[in-house]
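A look at the structure
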Amino acid sequence: MSSNLQILTNAEAAAKACAQRIAEIVNESVAQRGISRIALSGGSSPKLMFAELAKIAVDWEHVWLYWVDERVVPPDHPDSNYKMATECLILPAGIPIEHLNRIAGERYPEEAAAHYISEIRVDFKLKDGQLPQFDLIHRGMGSDSHTASLFPGDPLIEDDYDIAANTYVEKFKSHRVTLLPGVLKAARHTVILAPGADKAEALWDVLEGKINYKAHPCQIAARAPFPTEWFVDEAAAKLLRKKS
Ligand code: 6PG
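One structure accompanies this document, and this report is about it. Chains are numbered independently. Their residues run from 1 in the order of the written sequence. Local features in this predicted model are restricted to residues of pLDDT 70 or higher, and side-chain atom pairs are both shown and tallied only at a pLDDT of 80 or more, whereas totals for entire chains, interfaces and linings draw on every residue. With hydrogens and water excluded, all non-hydrogen atoms of the structure serve as input to the side-chain values.

Further remarks concern the overall build of the chain. Only DSSP runs of H or I reaching four residues or more are called helices, and only runs of E reaching two or more are called strands; each is numbered from the N terminus. The secondary structure content of the chain amounts to 6 helices and 10 strands. For a compact globule the rule gives 2.2 Å times the number of residues to the power 0.38, and the radius of gyration it is set against comes from C-alpha atoms. For a compact globule of 244 residues, the expected C-alpha radius of gyration is about 18 Å, and the chain comes in at 17 Å, within 12% of that figure. With respect to the principal axes defined by its C-alpha atoms, the chain has extents near 50 × 40 × 35 Å. When a residue's accessible area, from a 1.4 Å probe over protein chains only, is under 20% of the maximum for its type it is buried; when over 50% it is exposed; and in between it is partly exposed. Residues counted as buried form 52% of the 244 residues belonging to the chain. For this analysis, residues touch if any pair of their heavy atoms sits within 4.5 Å. By sequence separation, contacts in the chain at least 24 residues apart represent 75% of the contacts at least 6 residues apart. The averaged location of the 33 negative side-chain charges in the chain is 4 Å from the averaged location of its 27 positive side-chain charges. Positive charge is attributed to Lys and Arg, negative charge to Asp and Glu, and no charge count is given to His or to the chain ends. Taken as the charge centre is NZ of Lys, CZ of Arg, CG of Asp or CD of Glu, depending on the residue.

Here it is, written out as structure tokens:
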């Protein structure tokens, strides 16, 4: 079993441990570099984790927030990842509004992706062809082993050179905007929060199965040597090899 895998008793404990680790990483990068740029995911598992994170002392004055992916909806829509983060983390923690670099889900997806890319290029002072290095990327994993908005079979899974793109997700018959694999691989730290029995097979595929990014996108930057730390619960871990 990977030493970067923490198996907690339940989803609440996994969320708490994940929040504590995120706070530690963020505070460390602020201490080392004076700033921390982090990218957050959406979905349902982060709700508890964000609520825990909002209670911890974090130097938010020096933290800039970005999103790993976004649904193509306005920022006040119930499906918006930005809305969820606002309600569960940004408002309760009092994160300065000018530190938020959301993906403009209300725009045409191509436009939203292009705008997000140019914002990231400016903020990270990137030259042509360079990728941003986030201090931390927080990811989740679906029961189909997608991560970010990279779903099984998407040709973007092989794109290690671009920053972000819009993609059509057949499963939901809708577009999304997502960071791309090269950016996920370049992160200084990655934490993946993936609790729940419905993720047990995907977790086995991603951590112990044969590498096949196209079939299991969450394998991207998921195992050593990538600095990726997993927070799961016993239900999600039930198929994993137990430590002898
Ligand atoms: C999103 C995501 C996505 C998420 C997984 C897991 O916008 O939905 O960022 O990649 O992390 O779907 O989501 P759950 O926590 O809801 O299982």
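What follows concerns the pattern of salt bridges. For salt bridges, the criterion is a side-chain nitrogen of Lys or Arg within 4 Å of an Asp or Glu carboxyl oxygen. Tallying each qualifying case throughout the model produces 13 salt bridges. For Glu87, the salt bridge goes to Lys83, with nearest N and O atoms at 2.8 Å. On the criterion of helical spacing, the pair formed by Glu87 and Lys83 is a turn pair, its members being 4 residues apart in helix α3 (residues 81-93). Arg107 is the salt-bridge partner of Glu111, the closest N and O atoms lying 3.3 Å from each other. Its relative accessible area of 37% is what places Glu111 among the partly exposed residues.

Turning next to the site of the ligand. Around the ligand, the surrounding shell holds 16 residues, and the nearest of these are Ser44, Ser45, His146, Ala148 and Lys199. Between Ser44 and the ligand, the recorded distance is 2.6 Å, taken from a backbone N or O atom to an oxygen atom. His146 is positioned with one of its side-chain polar atoms (N or O) 2.7 Å from an oxygen atom of the ligand. The class makeup of the residues in the shell around the ligand is 3 nonpolar, 9 polar and 4 charged. Near, as used in this document, describes a residue that has one of its heavy atoms within 4 Å of the molecule or strand being considered. Polar contact is the term for a pair of N or O atoms within 3.5 Å; when the atoms are in protein, one must be able to donate a hydrogen and the other to accept it, and sequence-neighboring residues count only if both atoms are side-chain atoms. Residue polarity is assigned by list, with Asp, Glu, Lys and Arg as charged and Ala, Val, Leu, Ile, Met, Phe, Trp, Tyr, Cys and Pro as nonpolar; anything else, Gly included, falls into the polar class.

Here the focus is the side chain of Ser29. Inspection of the secondary structure puts Ser29 in helix α1 (residues 11-33). Residue Ser29 is classed as buried on the basis of its relative accessible area of 3%. Look past the residues within four positions of Ser29 in its chain and what remains in contact with it is Gly34, Ile35, Ser36 and Asp135.

Bringing the environment of Ser41 into the picture now. Looking at the element boundaries, Ser41 is found in the loop between β2 (36-40) and α2 (46-53). The class of Ser41 is buried, set by a relative accessible area of 4%. Separated by 19 residues in the primary sequence, Ser41 and Ile22 have C-alpha atoms spaced 13 Å apart. Among residues more than four places away in sequence, those in contact with Ser41 are Pro46, Phe50, Val68, Asp69, Met84, His138, Arg139 and Gly140. Polar contacts involving the side chain of Ser41 include one to the main-chain carbonyl oxygen of His138, which spans 2.7 Å.

Let us now look at the pairing of β2. For β2, the tally of buried residues reaches 5 of 5 residues, placing the bulk of the element in the interior. Side chains of β2 alternate between two faces, with Ser36, Ile38 and Leu40 and Arg37 and Ala39 buried alike. The rule for pairing is simple: two strands pair if DSSP sees at least two bridges between them. The pairing of β2 with strand β3 (residues 63-67) spans 5 bridges and is parallel. Counterpart to Ser36 in the pairing with β3 is Val63. A right-handed crossover is one whose linking path, passing over the helix from the first strand to the second, runs clockwise when the strands point away from the viewer. The parallel pair β2 and β3 is bridged by α2, and the resulting crossover is right-handed.

Bringing the environment of Val26 into the picture now. When you line up the elements, Val26 lands in helix α1. Separated by 163 residues in sequence, Val26 and His189 place their C-alpha atoms 9.8 Å apart. Sequence-distant contacts of Val26, defined by excluding residues within four places in its chain, comprise Ser36, Ile38, Val58, Val63 and Leu136.

Quick look at the packing of α2 against α3 now. Geometry is summarised by axes, namely lines fitted to C-alpha atoms with helices restricted to the contacting stretch, and by angles between N-to-C directions that run from 0 to 180 degrees. Where α2 meets α3, the closest approach of the two axes is 8 Å, and the angle between their N-to-C directions is 35°. Here α2 contributes Pro46, Lys47, Phe50, Ala51 and Leu53 to the contact with α3, which in turn contributes Met84, Ala85, Cys88 and Leu89. Here the contact of α2 with α3 is composed, by residue class, of 8 nonpolar, no polar and 1 charged.

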